[in-house]
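# Summary of the model geometry
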Amino acid sequence: MKVLNSKEDRSLDILFEVWSFISPKRKLQVFGVSLIMILSGLCELFSLASVIPLLSVLSQQEKLFENIFIQKIIELFAIKDEKNLLVIFVLFFCIAIIISAIIRLINIWLNGRLSASIGNDLSSNAYRNSLYQNYQVHIDRNSSQIINTITNHVNVLVIVINNSLQVLTSSIVVLCLLIGMFIIDVYVASVSLFIFSL
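### Things to note about the overall build of the chain
Scanning the chain from N- to C-terminus turns up eight helices and zero strands. Counting from the amino terminus, the chain carries its helices and strands in the arrangement α-α-α-α-α-α-α-α. Radius of gyration (C-alpha) of the chain: 25 Å, far over the 16 Å computed for a compact globule of 198 residues. With the C-alpha coordinates of the chain rotated into their principal frame, the extents come out at 85 × 40 × 25 Å. Sorting the 198 residues of the chain into buried and exposed places 24% on the buried side.

### Some remarks on the side chain of Arg-26
Topologically, Arg-26 is positioned in helix H2 (residues 24–49). On the basis of relative accessibility, which here comes to 12%, the residue Arg-26 falls in the buried class. Filtering out sequence-adjacent residues up to four positions away, Arg-26 remains in contact with Leu-114, Ser-117, Ile-118 and Asp-121.

### Here's the deal with the layout of surface pockets
In this structure, the largest pocket spans a volume of roughly 400 Å³. Looking at the largest pocket, it is lined by 15 residues, and the ones nearest its centre are Leu-15, Trp-19, Val-30, Ser-164 and Leu-165. Elements supplying a minimum of two residues to the lining of the largest pocket: helix H1 (2–21), helix H5 (82–131) and helix H7 (143–184). The dominant element in the lining of the largest pocket, judged by the number of residues it contributes, is H7, at six residues. A per-class count over the lining of the largest pocket returns 13 nonpolar, two polar and no charged. For the second largest pocket, the calculated volume is near 260 Å³. Lining of the second largest pocket is provided by Phe-21, Leu-122, Asn-125, Ala-126, Asn-129, Thr-149, Ile-150, His-153, Val-154 and Leu-157. Contributing elements (two or more residues each) for the lining of the second largest pocket: H5 and H7. It is H7 that provides the largest number of residues to the lining of the second largest pocket, a total of five residues. Among the residues making up the lining of the second largest pocket, the classes are represented as six nonpolar, four polar and no charged.

### Notes on a nonpolar patch on the surface
Together, Tyr-187, Val-188, Val-191, Phe-194, Ile-195 and Phe-196 make up a nonpolar patch on the protein surface, roughly 690 Å² of accessible area in all. A residue is classified by how much of its surface remains accessible, and Phe-194, at 54% relative accessible area, is exposed.

### Thoughts on the pattern of salt bridges
As enumerated under the stated definition, the model contains one salt bridge in all. The closest approach of N and O atoms between Asp-121 and Arg-26, which form a salt bridge, is 2.6 Å. Here Asp-121 is found in helix H5, whereas its partner Arg-26 is found in helix H2, with 95 residues between them in sequence.

### Thoughts on helix H4 (residues 68–77)
Turning to H4, its buried residues are Ile-70, Ile-73 and Ile-74. Each buried residue of H4 lies within a common arc of 100° when the element is viewed along its axis, so the set occupies one face. Exposed and oriented more than 90 degrees from the buried face of H4 are Ile-68, Lys-72, Glu-75 and Leu-76.

### Details of the packing of aromatic side chains
As enumerated under the stated definition, the model contains one aromatic pair in all. Relative to Phe-92, the ring of Phe-46 has its centre 5.6 Å away and its plane inclined at 80°; by these criteria the two rings are edge-to-face. With a gap of 46 residues between them, Phe-46 in helix H2 and Phe-92 in helix H5 connect regions that are remote in the sequence. Owing to a relative accessible area of 43%, Phe-46 belongs among the partly exposed residues under this scheme.

### Section: H2
Along its 26 residues, H2 runs 38 Å from first to last C-alpha, staying within 8% of the 38 Å computed at 1.5 Å per residue. Here H2 has its buried residues at Arg-26, Val-30, Val-33, Met-37, Ser-40, Gly-41, Cys-43, Leu-45 and Ser-47.

What counts and what doesn't
- Residues numbered from 1 in each chain as written.
- Predicted model: local features only at pLDDT ≥ 70, side-chain atom pairs only at ≥ 80, totals over all residues.
- Heavy atoms only, no water.
- Helix = DSSP H or I, 4+ residues; strand = E, 2+ residues; numbered from the N terminus.
- Rg over C-alpha atoms; globule rule 2.2 N^0.38 Å.
- Buried < 20%, exposed > 50% of the residue type's maximum accessible area, 1.4 Å probe, protein only.
- Contact = heavy atoms within 4.5 Å.
- 1 Å grid on protein atoms, 1.4 Å probe; cavity = no way out; pocket = protein on both sides within 12 Å on 5 of 7 lines; lining within 4 Å.
- Points joined across faces, edges and corners; volume = space filled by probe spheres on them.
- Nonpolar A, V, L, I, M, F, W, Y, C, P; charged D, E, K, R; others polar.
- Patch = residues over 30% accessible without salt bridge, like charges linked within 9 Å, V, L, I, M, F, W, Y side chains within 5 Å.
- Areas by Shrake-Rupley, 256 points an atom, 1.4 Å probe, with all protein chains shown as cover.
- Salt bridge = Lys/Arg side-chain N within 4 Å of Asp/Glu carboxyl O.
- Arc of directions from axis to C-beta.
- Phe/Tyr/Trp six-rings, centres within 6.5 Å; stacked < 30°, edge-to-face > 60°.
- Expected span 1.5 Å × (residues − 1).

By themselves, these figures tell us nothing about what the structure is for.
Below, the structure written as structure tokens:
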């Protein structure tokens, strides 16, 4: 267990060390991508929440007009027929899913682009530091080995950064969905959380 904790601590140390080498511009971009991650989580919550009115329209048509939310939508769109109400909720659900998917795709694209940009900056800095060594250092070592080492390590680092951003995105989405489920129904959310944590 101690070995696992030391590896986790070392991984966090490495991420914090890499963070210290990232330029202020990239740090600001990480903050912007974090906002997109939160937006992605909220959109997933919104798409989950849009299922509930749709299921109500499909399953409980007789109790449908007693719901205050449904009554406001009926007044807003001047709906006279239940079929029109179903069409509106299906459209609402589809729009919510499409917006959520677009935000999620933008988030994935931004994560990849930011990871590549950070990798580009770090490899440029590493190569620049290598070039500014003393002349004797350049004579004593193989420059192709330096370039190969920088390239391999930066490629691994880009993959790690991208995966870290994806894990952070997924964690935010799961957190938003759990909060939404607890708002909707505490009992069902608790049972679901217990089942999925096994």
